[in-house]
Each structure stands twice: as C-alpha cells, then as structure tokens.
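Overview (structure and organization)
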Amino acid sequence: RISWQQFTVGSGYQLWNIDSEQESAEFIVEKKDGNVVGEDLAVLVSVNADVEPALATTRSDLPLFRGFVHIRHPKEASYLIKNAGQAAHIAKLVADEIRNARTEFHLRGRIHLFMAVPAGLAMMVGQLLNTLGPIQTYEHIPTDPTGRYHPAALLVPK
C-alpha cells in the first residue's frame with residue numbers, strides 16, 4: 001500500500017491512502033451515451049475544476065467515445081477535499097463507476113481518464129485501476145484560459 005502526504009488549505013498536511021475510512025463528499029455521477037460506433041469510454045473527474053470545457057476544445061483530437069461518465073460535485077465547480085476519507089470515497093467511486101460503465105456501455109476499447117484532482121487523489125485512483133484494461137491518461141495543458149488535454153501515460157495491464 002502507498003500513502004500520499006497531501007497539503008490541504010486550512011488543514012495542513014494529511015496522509016491520504018485508499019484504506020482511509022470513507023467519508024461522503026456528496027459527489028454525483030452523470031452518464032451519457034456517446035457514439036454507438038465508438039469503442040472507448042471517457043471518464044471525467046472534476047474536483048479542482050470542471051474538466052468539460054478543456055475536453056470540448058480537445059474533442060477533435062480524440063476517438064469517438066461510446067459513453068461518458070462525469071464524476072463531480074453537484075454544487076461546487078472547485079471542491080476542496082477536506083480529508084483522506086473524502087478522497088478515499090471519491091477514488092472508490094471513480095473505480096466503481098468505470099466498472100459499471102464498462103458493462104453498461106458494452107465497451108471494447110480503452111478508458112480515457114480526464115481529471116482535475118489533487119495529486120493524492122490521482123495516486124489513489126491509480127491504485128484502483130489495475131484490473132480495468134488499457135487506460136489512457138491525459139495532462140491538462142494551459143494553452144489559454146480553457147486549455148487542452150494531451151495524452152500522457154497509457155496504462156496497460158500485463
């Protein structure tokens with residue numbers, strides 16, 4: 001198991017790991033159909049910021065997506081995760097919803113992961129994705145106020 005020393009404004013440094021007792025952060029999941037000929041799934045995780053605008057500017061460079069899963073806070077576009085328990089809850093929600101979407105959308109391709117999250121949460125999500133097939137991660141590049149996503153690491157299980 002791995003842990004991350006996450007700095008949180010107002011709380012200082014906290015030790016985050018996926019074994020932390022979960023505490024709800026009241027995040028919601030929105031799913032929508034994409035293109036029926038698409039084979040891949042787009043997963044959007046909006047914590048620090050809404051990823052949709054940057055994804056929209058990047059769409060012409062991306063494959064057709066069979067479906068979309070967006071995990072976000074219902075009221076706050078920029079949510080401050082308060083503790084390790086909330087981070088663990090969000091990380092497990094992301095992994096569970098990817099598993100559900102693979103079945104629901106009958107996926108045959110890759111998962112594309114677009115996240116605006118604290119580094120500690122990214123580390124926790126990464127630990128939970130090892131059985132989900134190929135996952136393409138993306139880095140946000142601030143080319144303008146909206147920015148764009150560029151492919152980063154491709155995670156391929158062996």
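Check the entry above for the structure.
The following paragraphs examine the structure supplied in this document. Since we're looking at a predicted model, the values are computed, not measured.

**Focus on the overall build of the protein**
Secondary structure summary: the protein contains three helices and eight strands in total. When the helices and strands of the protein are placed in sequence order, the string is β-β-β-β-α-β-α-β-α-β-β. With the principal axes as the frame, the protein shows a C-alpha extent of 45 × 35 × 30 Å. Counting only residues that meet the buried cut, the protein has 46% of its 158 residues in that class. Taking the contacts inside the protein whose residues are at least 6 apart along the sequence as the reference set, 74% of them involve residues at least 24 apart.

**Examining helix H3 (residues 119-127)**
Those residues of H3 lying buried are Gly120, Leu121, Met123, Met124 and Val125. Summarising the contacts, the buried residues of H3 are in contact with strand S1 (4-8), strand S2 (12-16), helix H2 (84-104) and strand S6 (111-116).

**Details of H2**
A rise of 1.5 Å per residue sets the reference length of H2, with its 21 residues, at 30 Å; its end C-alpha atoms lie 30 Å apart and thus fit the reference within 8%. Here H2 starts with a cap whose side-chain oxygen sits 3.0 Å from the backbone nitrogen of Gly85, and that cap is Asn83. Phi turns positive, to about 55 degrees, at His106, one or two residues after H2.

**Brief notes about the side chain of Gln136**
Turning to its location among the elements, Gln136 is positioned in strand S7 (residues 135-141). Classification of Gln136 as buried rests on a relative accessible area of 8%.

**Focus on the pattern of salt bridges**
This structure, assessed with the given rule, holds six salt bridges. The closest approach of N and O atoms between Arg72 and Glu30, which form a salt bridge, is 2.6 Å. Within this pair, whereas Arg72 is found in strand S5 (residues 65-72), its partner Glu30 is found in strand S3 (residues 28-33), the two being separated by 42 residues in sequence. Glu104 is the salt-bridge partner of Lys31, the closest N and O atoms lying 3.1 Å from each other. Highlighted residues: Lys31 in strand S3 and Glu104 in helix H2, separated in sequence by 73 residues. Classification of Lys31 as partly exposed rests on a relative accessible area of 31%. Note on Glu104: relative accessible area 43%, which makes it partly exposed.

**What about the sheet that holds S3?**
What the six strands build is an open sheet, ordered S3-S5-S4-S6-S7-S8; its pairing is mixed. The open sheet has two edge strands, S3 and strand S8 (148-155), and neither has a second partner. Across the sheet, the axes of successive neighbouring strands diverge by a mean angle of 20 degrees, strand direction being ignored. Alignment of S6 against S7, held across three bridges, turns out to be parallel. Opposite His112, over in S7, you have Gln136 as the bridge partner. Here H2 sits on the sheet in contact with S3, strand S4 (40-46), S5 and S6, set at roughly 25 degrees to S3.

**Examining the nonpolar core**
In this structure, Phe27, Ile81, Leu121, Met124 and Leu129 are the most contacted members of the largest nonpolar core, which totals 35 residues. Elements represented by at least two residues in this core include exactly S4, S5, H2, S6 and H3. Every residue in contact with Leu121, bar those within four places of it in the chain, is listed here: Trp16, Val47, Ile81, Ala87, Ile90 and Ala91. Ranked by size, the runner-up nonpolar core spans 12 residues in total, among them Leu62, Phe68, Phe114 and Tyr149.

Rules and cut-offs
Residues numbered from 1 in each chain as written. Predicted model: local features only at pLDDT ≥ 70, side-chain atom pairs only at ≥ 80, totals over all residues. Heavy atoms only, no water. Helix = DSSP H or I, 4+ residues; strand = E, 2+ residues; numbered from the N terminus. Buried < 20%, exposed > 50% of the residue type's maximum accessible area, 1.4 Å probe, protein only. Contact = heavy atoms within 4.5 Å. Expected span 1.5 Å × (residues − 1). Polar contact = N/O pair within 3.5 Å; in protein donor to acceptor, adjacent residues only side chain to side chain. Salt bridge = Lys/Arg side-chain N within 4 Å of Asp/Glu carboxyl O. Pairing = 2+ DSSP bridges. Axes fitted to C-alpha atoms, helices over the stretch in contact; angles between N-to-C directions. Core = buried A, V, L, I, M, F, W, Y, C linked by side-chain atoms within 4.5 Å.

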